[in-house]
Amino acid sequence: MDAVDRILDQWRQARPDLDISAMGPIGRLSRVFHYNSGRLNETFARHGVNAAGFDVLATLRRSPPPHALSPGALMASMMITSGTMTNRIEQLARQGLVTRTADPNDARRAVVKLTKKGFDLIDTAVGEHVETQKTLLAALSEDEIATLDGALRKLLKAAEKD
């Protein structure tokens, strides 16, 4: 029995007329997300970045050399607003992790590129991030992880259609 089971028992007593079958999975997803976010943020903080900064650096790192993208391409990849992206880029540039320069092919556009310092930081941080993720799923077998991943993929596809 976990905390969500106790909440469900209370709702069954307080409102036996409700079908609360979705409450368990949603409540558990929410609680697991909250717990895991804290653990992931600890990993990012050890490298001097937050989750948002890590996301930008990781997006640039997994792009082909020279590991540079337009702010628009970064925004599309990360599904955030332009104002949020501008703030993230400025913060990372102040840390010396990215540069923002004019696109040599189109002066109206900017290009955000990993610096050597940013490349080295994200390469180290992503290795530690992967290990943190493995630790967070250690209670599950490989088959359970695959089943969970498939179910979450299905939920995500349905949510993305909305």
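Scroll up for the structure.
Computed from a predicted structure; not experimentally measured.

### As for the overall build of the protein
Moving on, step 1. Helix and strand counts for the protein stand at seven helices and three strands.
Moving on, step 2. Mapped from its N terminus to its C terminus, the protein presents α and β elements in the order α-α-α-β-α-α-β-β-α-α.
Moving on, step 3. Relative to a compact globule of 162 residues, whose C-alpha radius of gyration would be 15 Å, the protein shows 20 Å and is clearly more extended.
Moving on, step 4. Seen along its three principal axes, the alpha-carbon backbone of the protein occupies a region of about 65 × 30 × 25 Å.
Moving on, step 5. The buried share among the 162 residues of the protein stands at 28%.
Moving on, step 6. Taking all contacts inside the protein whose residues are at least 6 apart in sequence as the whole, residues at least 24 apart take part in 49%.
Moving on, step 7. Carbon and sulfur atoms make up 58% of the accessible area of the protein, which totals about 10,800 Å².
Moving on, step 8. If the 22 positive side-chain charges of the protein are averaged to one point and the 20 negative ones to another, these points end up 6 Å apart.

### Description of the pairing of strand 3 (residues 106-114)
Moving on, step 1. As paired elements, strand 1 (residues 68-69) and strand 3 share two bridges and run antiparallel to each other. Bridged to Ala 68 within strand 3 is Lys 113.
Moving on, step 2. The pairing of strand 2 (residues 98-103) with strand 3 spans six bridges and is classified as antiparallel. Opposite Arg 100, over in strand 3, you have Val 112 as the bridge partner.
Moving on, step 3. A loop of two residues connects strand 2 with strand 3, the two strands running antiparallel in sequence.

### Considering the sheet that holds strand 1
Moving on, step 1. Read from one edge of the open sheet, three strands run 1-3-2, paired in antiparallel fashion. Looking at strand neighbours, the two that pair on one side only are strand 1 and strand 2, the edges of this open sheet.

### Things to note about the pattern of salt bridges
Opposite charge on two side chains permits pairing when their charged atoms draw close.
Moving on, step 1. Counted according to the given criterion, the structure contains nine salt bridges.
Moving on, step 2. Across the salt bridge formed by Arg 15 and Asp 17, the nearest N and O atoms sit 2.7 Å from each other.
Moving on, step 3. Between Glu 128 and Arg 46 there is a salt bridge, with its nearest N and O atoms 2.5 Å apart. Here Glu 128, found in helix 6 (residues 116-136), pairs with Arg 46, found in the loop between helix 2 (23-45) and helix 3 (51-62); they are 82 residues apart in sequence, far enough to count as distant.
Moving on, step 4. In this structure Glu 128 comes out as partly exposed when scored by relative accessible area, which is 24%.
Moving on, step 5. Among the residues examined, Arg 46 registers a relative accessible area of 53% and is labelled exposed.
Moving on, step 6. Because the salt bridges share partners, they merge into one network encompassing Asp 2, Asp 5 and Arg 28.

### A short note on the packing of aromatic side chains
Moving on, step 1. This model, assessed by the stated rule, comprises one aromatic pair.
Moving on, step 2. Relative to Phe 54, the ring of Phe 44 has its centre 4.4 Å away and its plane inclined at 25°; by these criteria the two rings are stacked. Taken as a pair, Phe 44 in helix 2 and Phe 54 in helix 3 lie far apart in primary sequence, 10 residues in all.
Moving on, step 3. The buried category is assigned to Phe 54, whose relative accessible area is 7%.

Calculation criteria
Residues numbered from 1 in each chain as written. Predicted model: local features only at pLDDT ≥ 70, side-chain atom pairs only at ≥ 80, totals over all residues. Heavy atoms only, no water. Helix = DSSP H or I, 4+ residues; strand = E, 2+ residues; numbered from the N terminus. Rg over C-alpha atoms; globule rule 2.2 N^0.38 Å. Buried < 20%, exposed > 50% of the residue type's maximum accessible area, 1.4 Å probe, protein only. Contact = heavy atoms within 4.5 Å. Areas by Shrake-Rupley, 256 points an atom, 1.4 Å probe, with all protein chains shown as cover. Lys, Arg positive; Asp, Glu negative; His and termini not counted. Charge placed at Lys NZ, Arg CZ, Asp CG, Glu CD. Pairing = 2+ DSSP bridges. Salt bridge = Lys/Arg side-chain N within 4 Å of Asp/Glu carboxyl O. Phe/Tyr/Trp six-rings, centres within 6.5 Å; stacked < 30°, edge-to-face > 60°.

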